[in-house]
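Each chain is listed here by its residues.
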Amino acid sequence: MNLLALADFNLVAKHGGFGRAARATGRAKATLSRRVSELENSLQLRLFERGSHNLKLTQEGIALYERTKTLFTELDETINSVTSGATQPSGRLRISAPLLFCQLAMGKLAAEFVMKYPDVQLEVTTEDRPVDMVEEAYDLVIRVNPDIEENLYGRVFLRDRLVVVASPDLRRPSKKQSIPVVVRGNNPTPPTWDIVTPSGKEHLTLNPKLHLSSMIMVRDAVRAGAGVGLLPVSLVSEDLTTGRLVSWGETEGPEIALWALYPSRRLLNARVTAFLDFLKEAFPTGAPEELAAYVGA
């Protein structure tokens, strides 16, 4: 059965004639008449009695209209609901984000977002691994320096730098001495860190003392004086301002970039668009100091 023809039959039956249906919907009268004739031919039933001045449903036409009008009404309501959701964020939004960003900012961001958009059900999962957005049904993922993927699109919303920090009570050794360091994870530690200081470049010889599983644990251990740490500026900005930690220099490595990634740039749903705009509002320039200030506030 041709659903377009059935829909046009409903329009004509609802408005009581081809002319009235054409005027109410902007459809061509000839098209409506042709579609209804096609439906009658396919069903081998006459659905309208066509008089010289009026149109009347047959008994079969009445039965068909009564059974199908509710379905088309519900379909119209569903389409209206979906299309209105294209401009007004609503429904479930699933996001995957790395551990440190979640610990620092995501709780506050998530709370402010759902208060601004109460019709959105936000679900955030902490993942440092590269999730499969399509297979695992994520709408948006946040990643640090992600590998280039042809099937993902996105934008950078935050940038950070790595700085070597230590407790002010920790004496800085001579160039020939190794320094105790606190590192994240169990991966092999390089023998040296190359850093840039106001007086020039230096090579720090490392002596790993602690391996910890999170950046926040590393920061806390460095605060306590266990050794030197290599940490993001956003994580230690307040400590550097207050003097709880001091900077020994910054590394020359690539910058840290936080990306918001999504599977298609076309026809993004309103939930994803709203969250991307929300990130831009929270971090207008994307500088590490903005993240530090957001967390501190």
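Residues numbered from 1 in each chain as written. Predicted model: local features only at pLDDT ≥ 70, side-chain atom pairs only at ≥ 80, totals over all residues. Heavy atoms only, no water.

Peer 1: So what about the packing of helix H7 (residues 233–242) against helix H9 (residues 288–296)? Which residues, and what values?
Peer 2: One way to put it is that H7 packs onto H9 with a least axis distance of 8 Å and a crossing angle of 65°. What the angle tells us is that H7 and H9 run roughly perpendicular. Crossing handedness for the pair H7 and H9: right-handed. Contacts between H7 and H9 pair Val233, Ser234 and Ser237 from the former with Pro288, Glu289, Leu291 and Ala292 from the latter. Per-class residue counts for the contact of H7 with H9 are 4 nonpolar, 2 polar and 1 charged. (Axes fitted to C-alpha atoms, helices over the stretch in contact; angles between N-to-C directions. Helix = DSSP H or I, 4+ residues; strand = E, 2+ residues; numbered from the N terminus. Parallel < 35°, antiparallel > 145°, perpendicular 65-115°, else oblique. Left-handed = near helix turned anticlockwise from the far one by under 90°. Contact = heavy atoms within 4.5 Å. Nonpolar A, V, L, I, M, F, W, Y, C, P; charged D, E, K, R; others polar.)

Peer 1: Can you lay out the sheet that holds strand S10 (residues 200–212) for me, pointing to particular residues and giving the numbers?
Peer 2: Through backbone hydrogen bonds, the strands of a sheet pair up, either in parallel or in antiparallel fashion. Spatially, S7-S11-S8-S10-S9-S12 is the arrangement adopted by the 6 strands of the closed barrel, whose pairing is mixed. On average, each strand axis in the sheet is tilted by 50° relative to the strand beside it, whichever way the strands run. Of the strand pairs in this sheet, strand S9 (residues 192–197) and strand S12 (residues 246–251) are connected by 2 bridges, and their pairing is antiparallel. In the sheet register, valine 196 faces S12, and the bridge partner there is glutamate 250. Those strands touched by H7 are strand S7 (162–166), strand S11 (228–232) and S12, and its axis lies near 115° from that of S11. (Pairing = 2+ DSSP bridges.)

Peer 1: Report on the packing of aromatic side chains, specifying residues and quantitative values.
Peer 2: In this structure the tally under the stated criterion is 8 aromatic pairs. Judged by centre distance (5.5 Å) and plane angle (70°), the rings of phenylalanine 113 and phenylalanine 278 are edge-to-face. Taken as a pair, phenylalanine 113 in helix H5 (residues 99–116) and phenylalanine 278 in helix H8 (residues 270–282) lie far apart in primary sequence, 165 residues in all. What makes phenylalanine 113 buried here is its relative accessible area of 0%. Through successive ring pairs, a cluster of aromatic residues spans Phe101, Phe157, Phe283 and Tyr294. Taking the ring centre of tyrosine 138 as reference, the NZ or CZ of arginine 94 above it sits at 4.3 Å. Geometry around tyrosine 294 places lysine 108 over its ring, the cationic atom sitting 4.2 Å from the centre. (Phe/Tyr/Trp six-rings, centres within 6.5 Å; stacked < 30°, edge-to-face > 60°. Buried < 20%, exposed > 50% of the residue type's maximum accessible area, 1.4 Å probe, protein only. Lys NZ or Arg CZ within 6 Å of the ring centre and 35° of its normal.)

Peer 1: An account of the packing of helix H6 (residues 215–223) against H7 is requested, with residue identities and associated values reported.
Peer 2: For the pair H6 and H7, the least separation of the axes is 11 Å and the interaxial angle reads 25°. Taken together, H6 and H7 sit at an angle that is classed as roughly parallel. Classified by chirality, the crossing of H7 by H6 is right-handed. Of the residues in H7, those touching H6 at Met215, Ile216, Arg219 and Arg223 are Leu235, Val236 and Asp239. The residue makeup of the contact of H6 with H7, split by class, is 4 nonpolar, no polar and 3 charged.

Peer 1: How would you summarise the pattern of salt bridges if you had to cite specific residues and measurements?
Peer 2: Per the stated rule, a full pass over the model turns up 18 salt bridges. Two residues, glutamate 38 and arginine 34, come together in a salt bridge whose shortest N-O distance is 3.2 Å. Taken together, the positions of glutamate 38 and arginine 34, both in helix H3 (residues 29–43) and 4 residues apart, correspond to about one turn of that helix. Given a relative accessible area of 34%, glutamate 38 falls into the partly exposed group. Here arginine 34 falls in the partly exposed class, since its relative accessible area comes to 42%. For glutamate 123, the salt bridge goes to arginine 92, with nearest N and O atoms at 3.7 Å. Placement of glutamate 123 in strand S4 (residues 120–126) and of arginine 92 in strand S3 (residues 91–97) is noted, with a sequence separation of 31 residues between them. Taking the relative accessible area as the measure of exposure, glutamate 123 reaches 30% and is therefore partly exposed. (Salt bridge = Lys/Arg side-chain N within 4 Å of Asp/Glu carboxyl O.)

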